[in-house]
Amino acid sequence: MLAFERLGIRFGGNQAVQDVTGSLTPGKITAIIGPNGAGKTTFFNMLSGFYKPTSGVITLSGQPISGRPTHEVVARGVARTFQTTTLYKNLSALENAVLGHRVRTKAGLLDALLRSGRERHDESESLKAAHHALERVGLERKAHVTASLLSQEEQKRVSIASALATQPSILLLDEPAGGLNPEETARLMDLIRQLVGAGLTVALIEHKMNLVMGLADQVMVLHHGQLIAQGPPAEVSRNPAVITAYLGSHGGGGQHGQSAPAGGASV
Ligand SMILES: Nc1ncnc2c1ncn2[C@@H]1O[C@H](COP(=O)(O)OP(=O)(O)O)[C@@H](O)[C@H]1O
Ligand SMILES: [Mg+2]
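Cut-offs used in this document
Residues numbered from 1 in each chain as written. Chains lettered and ligands numbered in written order. Predicted model: local features only at pLDDT ≥ 70, side-chain atom pairs only at ≥ 80, totals over all residues. Heavy atoms only, no water. Near = heavy atom within 4 Å. Polar contact = N/O pair within 3.5 Å; in protein donor to acceptor, adjacent residues only side chain to side chain. Areas by Shrake-Rupley, 256 points an atom, 1.4 Å probe, with all protein chains shown as cover. Helix = DSSP H or I, 4+ residues; strand = E, 2+ residues; numbered from the N terminus. Pairing = 2+ DSSP bridges.

Under an unreviewed UniProt entry, the protein chain has the name High-affinity branched-chain amino acid ABC transporter ATP-binding protein LivG and belongs to Deinococcus irradiatisoli.

So, in structure tokens, the structure goes:
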């Protein structure tokens, strides 16, 4: 499945991610946690083809994919959502999901125009995939509602549907619960469990550790771009290096008022 070895990226003098080695367990949930600025989104940007790593390799079923363009990574079954919701607010849920499919699977607008002979076929394919994706996130009955009229939680579901419309086997979610209240968050976590129950492999970024305790099978902790711990949530939350990283950071969980699991890191 998806594996990475000594993965790193440098921006000028800033080594944003360094030497990250591991893999996503197929059919399971891997959570990537760490204080703000730890390199979590940058890590996803490399896995999904948005950034080209400056060191290390990413493989998908043994095949190297590092530095391949996004649409190619998507075509191989890896889809992602973004930390800030990127919906087209004036379009319906369905249109957003259709666009999610089209934007992610095309090299660019020019490519779409050049291949106009296939556009009609593509259109019905996108539509079918979008309908099915909305069903999977429980929003089929709101397919024709304008995105701006949907609740925050529903908008998050549309973002997930946009990614699911590309029919991925691996889904990368960047802070899917960001901006949601605890009830909405719980429902979204249920959705993620459901998707994994149906066979999807999920990696999700979250900076509150308590949210991933009951959800993730595996946790990876990034701190200053480095992987400082990796393992089952209960084990990781007791890891002294993890506790120190969170307590010593100003972007971490403490100031956001999350409660820690008993005996675990206050993150
Ligand atoms: N395109 C970029 N150019 C320069 N620096 C970047 C770029 N993308 C990310 N970074 C740097 O990478 C580091 C990690 O950021 P990020 O991955 O967004 O953290 P997180 O998602 O864990 O909060 C930060 O220091 C950020 O400034
Ligand atoms: Mg981020």
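There is more to say after this.
1. A short note on the site of ligand 1
Around ligand 1 sit Phe11, Asn14, Ala16, Pro35, Asn36, Gly37, Ala38, Gly39, Lys40, Thr41, Thr42 and Tyr51, and those are all the residues in its vicinity. Here Ala38 contributes a backbone N or O atom positioned 3.1 Å from an oxygen atom of ligand 1. In the model, a nitrogen atom of ligand 1 is placed 3.0 Å from a nitrogen or oxygen of the Tyr51 side chain. Bound to the protein, ligand 1 loses 63% of the 570 Å² it would expose on its own. For the shell around ligand 1, the elements supplying multiple residues, two or more each, are strand S2 (14–23) and helix H1 (40–47). Residue contributions to the shell around ligand 1 peak at 3 residues, all from H1.

2. Some remarks on the pairing of strand S1 (residues 2–11)
In terms of strand pairing, S1 meets strand S4 (residues 55–60) through 5 bridges, oriented antiparallel. Across the sheet, residue Glu5 finds its bridge partner in S4, namely Val57. Both S1 and S2 contribute to a ladder of 6 bridges, which runs antiparallel. By the bridge assignment for S2, Arg10 is matched with Gln15. Connecting S1 to the next strand, S2, in antiparallel fashion are 2 residues, including Gly12 with a positive phi near 55°.

3. What to know about the side chain of Ser237
Looking at where Ser237 falls in the secondary structure, it is placed in helix H9 (residues 233–237). Engagement of the side chain of Ser237 in a polar contact is seen with the backbone oxygen of Ala234, the distance being 3.1 Å.

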